[in-house]
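# Observations on the three-dimensional arrangement
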Amino acid sequence: MTFSRQIKIAPSILSADFANFGAECRAIEAQGADWVHVDVMDGHFVPNITFGPATCAAIRPHIKGVMDVHLMITPVDAYIEAFAKAGADVISAHIEAGPHIHRTLQAIRNTGKKAGLAINPGTGIDAVAHLLDMVDLICVMTVNPGFGGQKFIHSQVDKVRSLRKMIGDRPIHIEIDGGVTVETAPLVVAAGADVLVAGSAVFKGGSVDNPAPYGINIAAIRAAAEAAA
Ligand code: DX5
Ligand code: ZN
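Here is a short report on the structure shown in this document. (Residues numbered from 1 in each chain as written. Chains lettered and ligands numbered in written order. Predicted model: local features only at pLDDT ≥ 70, side-chain atom pairs only at ≥ 80, totals over all residues. Heavy atoms only, no water.)

Moving on, we get to the overall build of the chain. Counting secondary structure elements, the chain contains 8 helices and 8 strands. For 229 residues, the compact-globule formula gives about 17 Å, and the C-alpha radius of gyration of the chain, at 16 Å, lands near that figure. In terms of overall dimensions, the chain has a C-alpha envelope of 45 × 40 × 35 Å along the principal axes. When burial is assessed residue by residue, the chain has 54% of its 229 residues classed as buried. Of the contacts formed within the chain by residues at least 6 apart in sequence, a portion of 66% connects residues at least 24 apart. With an accessible surface of roughly 9300 Å², the chain has 55% of that area assigned to carbon and sulfur atoms. Measuring between centres, the 18 positive side-chain charges of the chain sit 4 Å from its 22 negative side-chain charges. (Helix = DSSP H or I, 4+ residues; strand = E, 2+ residues; numbered from the N terminus. Rg over C-alpha atoms; globule rule 2.2 N^0.38 Å. Buried < 20%, exposed > 50% of the residue type's maximum accessible area, 1.4 Å probe, protein only. Contact = heavy atoms within 4.5 Å. Areas by Shrake-Rupley, 256 points an atom, 1.4 Å probe, with all protein chains shown as cover. Lys, Arg positive; Asp, Glu negative; His and termini not counted. Charge placed at Lys NZ, Arg CZ, Asp CG, Glu CD.)

This is the structure in structure tokens:
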């Protein structure tokens, strides 16, 4: 994974057909997805349960590009190895998931994977100031984690702008997660984001048997984003 700030669209399979993950991953990549965002939820850190390492391992052969695993779980350290073995390329942990985030990021890096740090809407960027040498990606949540289809929290745009300044020219991606649409994508890209997670805005109107809407949705988000870059 060579670093570039070029806009990347990362559809979240939380909005995909849970009975057809492999086919859905193939479909979104064929329709233009750059990364595949995999939302792991434990029903403890967030009020929802999705899937674990076994599902990640099962979909890995169906993903040609980057498998971007978002761990909304606590505790997290005990599971890092399993997600790395399952084939994740990026493993993001939440800074709120426990008291030792520096150790968690070290553990992710020790697996040879890219280390991501996810921060909830209520967490300020001062919390990441001493972690910039430990991360390859910072995921700014623009919804409270747990569900797709929620409303974008506009107050986070200023956070993205300040984070972009803090990062400077370090090779760290700013990923936006939650409520990304053709309307909100330009706001966060203008503020400095380069990876856009989108679940409902990509999967709406399409299906494994009718994937064309996925391509139309991805292209529309990408066009809106690139116009603001
Ligand atoms: C929420 C997840 C997001 C979510 C995005 O906890 O981390 O990735 O699936 O879904 P939309 O794009 O529909 O807000
Ligand atoms: Zn996510």
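Turning to the coordination of the zinc ion (ligand 2), a few remarks are in order. Around the zinc ion (ligand 2), the protein contributes the donor atoms His 37 (NE2), Asp 39 (OD), His 70 (ND1) and Asp 177 (OD), at 2.1 to 2.3 Å from the metal centre. Written as a sequence motif, the donor arrangement for the zinc ion (ligand 2) is H-x1-D-x30-H-x106-D. Here His 70, found in strand S3 (residues 66–72), pairs with Asp 177, found in strand S7 (residues 173–177); they are 107 residues apart in sequence, far enough to count as distant. Judged by its relative accessible area of 1%, His 70 is buried. Residue Asp 177 is classed as buried on the basis of its relative accessible area of 7%. (Donors = N, O, S within 2.8 Å, 3.2 Å for Na, K, Ca; no water.)

In this section: the pairing of S3. Most of S3 sits inside the fold, with 7 of its 7 residues counted as buried. Burial of the side chains of S3 extends over both faces: Val 66, Asp 68, His 70 and Met 72 are buried on one face and Met 67, Val 69 and Leu 71 on the other. As defined by bridge partners, strand S2 (residues 35–41) adjoins S3 across 7 bridges and the pair is classed as parallel. Following the sheet pairing, Val 38 is matched in S3 by Val 69. Note that the unit made of S2, helix H2 (residues 53–59) and S3 has a crossover that is right-handed. (Pairing = 2+ DSSP bridges. Right-handed = clockwise from strand over helix to strand, strands pointing away.)

Turning our attention to the packing of aromatic side chains. Within this structure, the stated rule accounts for 4 aromatic pairs. Ring centres of Phe 18 and Phe 51 lie 5.8 Å apart, and the angle between their planes is 45°; on these two criteria the pair is classed as tilted. Taken together, the residues Phe 18 in the loop between strand S1 (8–11) and helix H1 (21–30) and Phe 51 in the loop between S2 and H2 connect sequence positions 33 residues apart. By relative accessible area, Phe 51 is classed as buried at 9%. Ring geometry for Phe 203 versus Tyr 214: centroids 5.0 Å apart, planes at 70°, classification edge-to-face. (Phe/Tyr/Trp six-rings, centres within 6.5 Å; stacked < 30°, edge-to-face > 60°.)

Time to look at helix H4 (residues 101–110). Buried within H4 are the following residues: Ile 101, Thr 104, Leu 105 and Ile 108. Within H4, the buried residues cover an arc of 95° as seen down the axis, which keeps them to one side. The inward-facing, buried residues of H4 abut helix H3 (80–85), strand S4 (90–94) and strand S5 (114–119). A positive phi of about 90° marks Gly 112, the residue just after H4. (Arc of directions from axis to C-beta.)

Around ligand 1, the structure places 20 residues, and the nearest of them are Asp 39, Gly 146, Asp 177, Gly 199 and Ser 200. Ser 12 places a side-chain nitrogen or oxygen 3.1 Å from an oxygen atom of ligand 1. One nitrogen or oxygen atom from the side chain of Asp 177 is found 2.5 Å from an oxygen atom belonging to ligand 1. For ligand 1, whose free accessible area comes to 380 Å², the fraction covered by protein is 100%. Every element with two or more residues in the shell around ligand 1 is listed here: S2, S3 and strand S8 (195–198). If you tally residues by element for the shell around ligand 1, the top one is S2, at 3 residues. Taken together, the residues that form the shell around ligand 1 break down as 8 nonpolar, 10 polar and 2 charged. (Near = heavy atom within 4 Å. Polar contact = N/O pair within 3.5 Å; in protein donor to acceptor, adjacent residues only side chain to side chain. Nonpolar A, V, L, I, M, F, W, Y, C, P; charged D, E, K, R; others polar.)

By themselves, these observations are geometric and do not establish any function.
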